[in-house]
Amino acid sequence: PCRWPTLPRVLAVAARIQLSLGCGMPPRPAAVVAIAPSGITQASATSPYVRLRAGRDGGEFVFPATVLTDLSSTARGMLSGNTFAESRGIMHVPNAGFRGGGEAEGNDEPQGAVVIAVDGPAASGKGTIGKRLALELQLAHLDTGSLYRATALRMIRAGMVGANGLVECGTDGIVAGAASHASNITAEDMADEKLRDEVVGQCASIVSADVTVRQALLDFQRNFCISPPSGAKGAVLDGRDIGTVIFPGAPVKLFITADPAIRAYRRHMELTKTGKESSLDLVMSSMQQRDQRDSSRAGAPLRAAADAVTIDTSQVDADDAYALALKQVRLKLPHLFD
């Protein structure tokens, strides 16, 4: 059963975010509402959240009920200069929760950056769907898997691999040197033609299980959501933990999957079409190993968010799969289609 914090504890937190915002206006008292885990306010079906409302625009901070972090220092740093009222996007509050844009003054249209999370295993079609959504809706796109592939490729080229050609992790799950490489990824790394090589994918799966690597890349991914490049009104991110870890407050969460044999065949054909040697049996074996690693790792395992819509692409072509995804976006974010 959900355990809600006692009212005195909640009010104590609310008292610490009495914020005076710009223009000489008096602070708007923080309202506190305990809410059931649903929609943008949950990380899982068993994680109740507390919503704290403050600011002239009615924006909200959403926090896990188990955290109730003292916001005083965080709030001062983020909200100085009236940025609470001006920045109506979804903002990450480190180690605490998420801030959702409130109602714009004199404007009934939804405010803030749009975030669409597309998760799923390798070769499920999530990348294609993510790119098409971003293109049609004029949103920024980030293939987060490429961040881990770029990290792995940097390590391979630095000779930081074992006798089997793969990167190796210690008994603690840490891949020596990986976090440093993750922190120094360049635009050239992300555009490297070798990123899609099968061995890079295998190493990326190993590297992605390293919690220090995930932490090194976490802020980059969240900042991409908060402040999309080129002034885009939002972002589409595809990966394996976007809706569960990177941005659980995303209003649209899709989980794209397909039968393992079909995914292996797709990846095999992708490799052969680009002139790379490929064995379907080896690709199948490699994919099974990767699925196992991705779904069983302790940090940010591959899984669908509790409120994600699952789309199985096994028996549909790329256009039909995209149409299903677009339908879900239209249902959740109709203002994007006005």
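Residues numbered from 1 in each chain as written. Predicted model: local features only at pLDDT ≥ 70, side-chain atom pairs only at ≥ 80, totals over all residues. Heavy atoms only, no water.

**A short note on the packing of aromatic side chains**
- Applying the stated criterion across every chain yields a total of 0 aromatic pairs.
- Just above the ring of Phe 337 sits the side chain of Arg 330; from NZ or CZ to the centre is 4.1 Å. (Phe/Tyr/Trp six-rings, centres within 6.5 Å; stacked < 30°, edge-to-face > 60°. Lys NZ or Arg CZ within 6 Å of the ring centre and 35° of its normal.)

**Regarding the packing of helix H8 (residues 198-208) against helix H12 (residues 280-296)**
- H12 packs onto H8 with a crossing angle of 15° between their chain directions and a minimal axis gap of 9 Å. If you check the angle between H8 and H12, you find them roughly parallel. The handedness of the crossing between H8 and H12 is left-handed. Contact with H8, carried on its side by Glu 198, Gly 201, Gln 202, Ala 204, Ser 205, Ile 206 and Ser 208, involves Ser 286, Gln 289, Arg 290, Arg 293 and Asp 294 of H12 and no other residues of that element. (Axes fitted to C-alpha atoms, helices over the stretch in contact; angles between N-to-C directions. Helix = DSSP H or I, 4+ residues; strand = E, 2+ residues; numbered from the N terminus. Parallel < 35°, antiparallel > 145°, perpendicular 65-115°, else oblique. Left-handed = near helix turned anticlockwise from the far one by under 90°. Contact = heavy atoms within 4.5 Å.)

**Some words on the pairing of strand E9 (residues 252-257)**
- Among the 6 residues in E9, 6 count as buried, and that is most of the element.
- In the sheet, E9 pairs with strand E10 (residues 309-312) via 4 bridges, with the strands oriented parallel. By the bridge assignment for E10, Phe 255 is matched with Thr 310. (Buried < 20%, exposed > 50% of the residue type's maximum accessible area, 1.4 Å probe, protein only. Pairing = 2+ DSSP bridges.)

**Comments concerning empty space enclosed by the protein**
- The tally for this structure, following the rule as stated, stands at 3 cavities of 30 Å³ or more.
- Looking at the largest cavity, its volume works out to about 110 Å³.
- Lining the largest cavity are 13 residues; nearest its centre among them are Gly 145, Tyr 148, Ser 208, Arg 240 and Arg 297.
- Counting only elements with at least two residues in the lining of the largest cavity, the list comes to helix H5 (145-157), H8 and H12.
- In terms of residues, the lining of the largest cavity owes the most to one element, H8, which gives 3 residues.
- Among the residues making up the lining of the largest cavity, the classes are represented as 2 nonpolar, 5 polar and 6 charged.
- What the second largest cavity holds in volume is close to 60 Å³.
- Where the lining of the second largest cavity is concerned, the elements lending two or more residues are H8 and H12.
- The residue makeup of the lining of the second largest cavity, split by class, is 2 nonpolar, 3 polar and 5 charged. (1 Å grid on protein atoms, 1.4 Å probe; cavity = no way out; pocket = protein on both sides within 12 Å on 5 of 7 lines; lining within 4 Å. Points joined across faces, edges and corners; volume = space filled by probe spheres on them. Nonpolar A, V, L, I, M, F, W, Y, C, P; charged D, E, K, R; others polar.)

**A closer look at the packing of H5 against H8**
- With their axes 8 Å apart at the nearest point, H5 and H8 run at an angle of 105° to one another. Here H5 is positioned roughly perpendicular relative to H8, judged by the angle of their axes. Residues Tyr 148, Arg 149, Thr 151, Ala 152, Leu 153, Met 155 and Ile 156 of H5 form the contact with H8, whose participating residues are Val 199, Val 200, Gly 201, Cys 203, Ala 204, Val 207 and Ser 208.

**Topic: the confidence of the model for the protein chain**
- Averaged over every residue, the pLDDT of the protein chain is 75; residues scoring 70 or more account for 67%.
- With pLDDT under 50 throughout, residues 1-111 is counted as low confidence; its partners more than four residues away or in other chains account for 199 contacts. (pLDDT = per-residue confidence, 0-100.)

**Some words on the environment of Gly 127**
- By secondary structure assignment, the location of Gly 127 is in helix H4 (residues 126-137).
- For Gly 127, a relative accessible area of 22% puts it in the partly exposed group.
- For Gly 127 and Ile 256, which are 129 residues apart along the polypeptide, the C-alpha to C-alpha distance reads 9.4 Å.
- Excluding anything up to four places from it in sequence, Gly 127 contacts His 141 and Asp 238.

**Structural notes on the environment of Leu 302**
- Here Leu 302 is to be found in the loop between H12 and E10.
- For Leu 302 and Gly 239, which are 63 residues apart along the polypeptide, the C-alpha to C-alpha distance reads 9.0 Å.
- The contact partners of Leu 302, leaving out residues within four places of it in the chain, are Gly 120, Pro 121, Arg 240, Phe 255, Asp 294, Ser 295 and Arg 297.

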